[in-house]
Amino acid sequence: MAFDRLQNASFTRDQIAVALTHSSLGGGHLGVAFHSAKDGVQLTHLAWHQQLKVDNVPSEITQCWICTTVELPPLASKAAVAVMRSVSKKKPLINYGIGAVAAKGSFTGNGVYRAPKGSDGLTCATFVVEILRNAGIPLVKYETWKDNPENVAWGEAVCNALKKDGVPDEHVDAVRKNVGKLRLRPYEAVGAAMLPAKQRPADYEAAQPGATAAEAALVEQCPRNPRPPLLVTMH
């Protein structure tokens, strides 16, 4: 599946595209592009703690993004667009949290965000996973995901950044309890989204080829400057 620069991408009003850009800690940063009801193409992404961004494309895009359309059955694709429009209109305050499994079912009804019991919030990647779950599209099989020693360093860096930004200690402590547990990297979420619909939800191994391809495409189409703007922080 090919990747295009977001500004040049072509997809219908009944489709969504997963979009990638760079992040300061590596792993990429993930969002969803879709056609809004009135404002043309928009990009919605969880940029950081309680910072859900809805950017008009291309006028409000300040970083280089690439994207690829998600293959979905027609009804499921329309449902995903509807959920994206609803969430983007509501712009809920979503805590940045790294507990992926506990976040299952974060969106209810017509795109209403309601953190499940025990959830510390969402990352940019789990935001996309839960959006699709709400639309009846399970993306990944968390039970197959493998541990990575880098997850500990990443989780600690997230906690330190939250604390530095003045996030209440209660939330930082809740996030710290999940350090070292399952992490879904944005590249892996894209790898799962790239698979044919009948092959989802994807297990860990199935998502890796697409994850590698997504990272390579981002590096090729959006070369990093020596000092990139840190508009997106922890993912």
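The present account deals with the structure reproduced in this document.

What counts and how
Residues numbered from 1 in each chain as written. Predicted model: local features only at pLDDT ≥ 70, side-chain atom pairs only at ≥ 80, totals over all residues. Heavy atoms only, no water. Helix = DSSP H or I, 4+ residues; strand = E, 2+ residues; numbered from the N terminus. Buried < 20%, exposed > 50% of the residue type's maximum accessible area, 1.4 Å probe, protein only. Polar contact = N/O pair within 3.5 Å; in protein donor to acceptor, adjacent residues only side chain to side chain. Contact = heavy atoms within 4.5 Å. Core = buried A, V, L, I, M, F, W, Y, C linked by side-chain atoms within 4.5 Å. Axes fitted to C-alpha atoms, helices over the stretch in contact; angles between N-to-C directions. Parallel < 35°, antiparallel > 145°, perpendicular 65-115°, else oblique. Nonpolar A, V, L, I, M, F, W, Y, C, P; charged D, E, K, R; others polar.

1. Looking at the side chain of T44
Then comes step 1: Summarising the element assignment, T44 is placed in strand β4 (residues 41-48).
Then comes step 2: Residue T44 is classed as buried on the basis of its relative accessible area, which comes to 0%.
Then comes step 3: Within the structure, the side chain of T44 is placed 2.6 Å from the side chain of S88, a separation counted as a polar contact.
Then comes step 4: In this view, T44 contacts G31, V32, F34, L52, K53, V54, M84, S88 and F127; residues no more than four positions away in its chain are not counted.

2. Some thoughts on unusual backbone geometry
Then comes step 1: Between V57 and P58 the backbone carries a cis peptide bond, its omega angle lying at 5 degrees.
Then comes step 2: Relative to the elements of secondary structure, P58 occurs in the loop between β5 (51-56) and β6 (66-69).
Then comes step 3: The omega angle of the peptide bond from R200 to P201 is 5 degrees, so this bond is cis rather than trans.
Then comes step 4: Mapped onto the secondary structure, P201 falls in the loop between α5 (186-193) and α6 (204-221).

3. Quick look at the nonpolar core
Then comes step 1: Judged by nonpolar contacts, the single largest core of 66 residues is most densely connected at I16, L30 and F127.
Then comes step 2: For this core, the element with the most residues is helix α2 (residues 124-134), which contributes 7 residues.
Then comes step 3: With sequence-adjacent residues up to four places away left out, L30 is seen in contact with V18, A19, L20, H45, W65, C124, A125, V128, P186, A189 and V190.
Then comes step 4: Core analysis: the second largest hydrophobic core is formed by 11 residues, A19, V41, V57 and W65 among them.

4. Details of the packing of helix α3 (residues 150-164) against helix α4 (residues 169-176)
Then comes step 1: Relative to each other, α3 and α4 sit at 180 degrees, their axes nearing to 10 Å. The angle between the axes of α3 and α4 places the two elements in the roughly antiparallel class. Together, E156, V158, C159, N160, L162 and K163 of α3 and D169, H171, V172, V175 and R176 of α4 make up the contact between the two elements.
Then comes step 2: Tallied by class, the residues present in the contact of α3 with α4 amount to 5 nonpolar, 2 polar and 4 charged.

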